[in-house]
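What follows is each chain in one-letter form.
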Amino acid sequence: MKYTKEQILARCNEFSKNTLMETLKIEYIDAGDDFLTAKMPVNPSVHQPMGLLHGGASVALAESVGSAASFFFIDPKEQEVRGIEISANHLKSIREGWVFGTARIIHKGRSIHLWEIKITDDAGNLISLCKLTNMVLERKKTE
């Protein structure tokens, strides 16, 4: 890993300011050679009408953590990342507490990164299982 855990977490939390991640109160909390973890509170701001965690909020957490993880495998001066496909299976519901999204790399190619993101609750129960495909693009040169 070319960045320390502390550098990764600081960078992720910094670039989340004034974005959907800040709105959803997503905070990056752990990182390693092949994973990145973020947490999100479960409260009425992310509920669907039945008082359960909204599947869209789970997907937003998954895409946020998977996209941020890809950023650390590229040269940000020369490349950028775009999420091109995400799928989610919601397996268990939750009404309150925290959910944790952990992205683990499945495939790291030059132009495609494939991530598995497991969303769990405080007790480690699997809430959602997501798969995210990111495309790595060459950054356009500006004159």
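Residues numbered from 1 in each chain as written. Predicted model: local features only at pLDDT ≥ 70, side-chain atom pairs only at ≥ 80, totals over all residues. Heavy atoms only, no water.

Brief notes about unusual backbone geometry
The line we're drawing: Per the convention used, a helix needs a DSSP run of H or I reaching at least four residues, while a strand needs a run of E reaching at least two, with both numbered from the N terminus.
Located in the positive-phi region is Asn-18, a residue other than glycine, with phi close to 60°. With respect to the secondary-structure elements, Asn-18 resides in the loop between helix 1 (5–15) and helix 2 (20–23).

Quick word on the UniProt feature "domain: Thioesterase" (unreviewed entry) in the chain
Keep this limit in mind: UniProt positions are given in the numbering used here, feature names are shortened, and annotations may be inferred rather than shown by experiment.
Taking the numbering used here, the UniProt-annotated feature "domain: Thioesterase" (unreviewed entry) corresponds to residues 50–126. Between the C-alpha atoms that bound residues 50–126 there is a distance of 20 Å. The span itself is 22% helix and 45% strand.

Topic: the sheet that holds strand 6 (residues 126–138)
The line we're drawing: We call two strands paired when DSSP finds no fewer than two bridges between them. Angular values range over 0 to 180 degrees, each being the angle between N-to-C directions of two axes fitted as lines to C-alpha atoms, with helices fitted over their stretch in contact. Between two residues, a contact is recorded if the distance between any of their heavy atoms is within 4.5 Å.
Taken together, 6 strands build an open sheet; the order of strands is 1-2-4-5-6-3 and the sheet is antiparallel. Each end of this open sheet is capped by a strand with a single partner; those strands are strand 1 (27–32) and strand 3 (79–90). Adjacent strand axes in the sheet meet at a mean angle of 25°, parallel and antiparallel pairs treated alike. Relative to strand 4 (residues 97–108), strand 2 (residues 35–42) is paired through 8 bridges, and the arrangement is antiparallel. Bridge pairing in strand 4 places Leu-36 opposite Ala-103. Packed onto the sheet, helix 1 meets strand 1 and strand 2 and runs at close to 150° relative to strand 1. In the packing of helix 3 (residues 55–71) onto the sheet, the strands contacted are strand 1, strand 2, strand 3, strand 4, strand 5 (112–121) and strand 6, and the crossing angle to strand 3 comes to about 145°.

Comments concerning the nonpolar core
Under the convention used in this document: To form a nonpolar core, buried Ala, Val, Leu, Ile, Met, Phe, Trp, Tyr and Cys residues must be joined to one another through side-chain atoms within 4.5 Å. In this scheme, a residue with accessible area under 20% of its type's maximum is buried, one over 50% is exposed, and one in between is partly exposed, where area comes from a 1.4 Å probe on protein chains only.
Counting 35 residues, the largest nonpolar core has Tyr-28, Leu-36, Leu-53, Val-99 and Ile-117 as the members making the most contacts within it. Excluding anything up to four places from it in sequence, Leu-53 contacts Met-40, Val-42, Val-46, His-47, Gln-48, Ser-58, Ile-94, Val-99 and Ile-127.

Focus on the environment of Val-136
Along the chain, the position of Val-136 falls in strand 6. Classification of Val-136 by relative accessible area gives buried; the value is 10%. C-alpha separation for the pair Val-136 and Leu-53, spaced 83 residues apart in sequence, amounts to 31 Å. Residue contacts for Val-136: discarding those within four places in its chain leaves Ile-74, Gln-79, Glu-80, Arg-110, Ser-111 and His-113.

Quick word on the pattern of salt bridges
Spelled out, the test is: For this analysis, a salt bridge means a side-chain nitrogen from Lys or Arg found within 4 Å of a carboxyl oxygen belonging to Asp or Glu.
Evaluated as defined, the whole model comprises 5 salt bridges. Between Asp-34 and Arg-104 there is a salt bridge, and its shortest N-O distance comes to 3.5 Å. Separated by 70 residues along the polypeptide, Asp-34 in the loop between strand 1 and strand 2 and Arg-104 in strand 4 bring together distant segments of the chain. For Asp-34, a relative accessible area of 36% corresponds to the partly exposed category. Through salt bridges that share partners, Glu-80, Arg-82 and Arg-139 make up one connected network.

A word on helix 1
The condition is simple: In this description, one arc is meant: the one made by directions from the helix axis to the C-beta atoms.
Where helix 1 is concerned, the buried positions are Ile-8, Leu-9 and Cys-12. End-on, the buried residues of helix 1 take up no more than an arc of 95°, which puts them together on one face. In this fold, the buried residues of helix 1 make contact with strand 1, strand 2 and helix 3.

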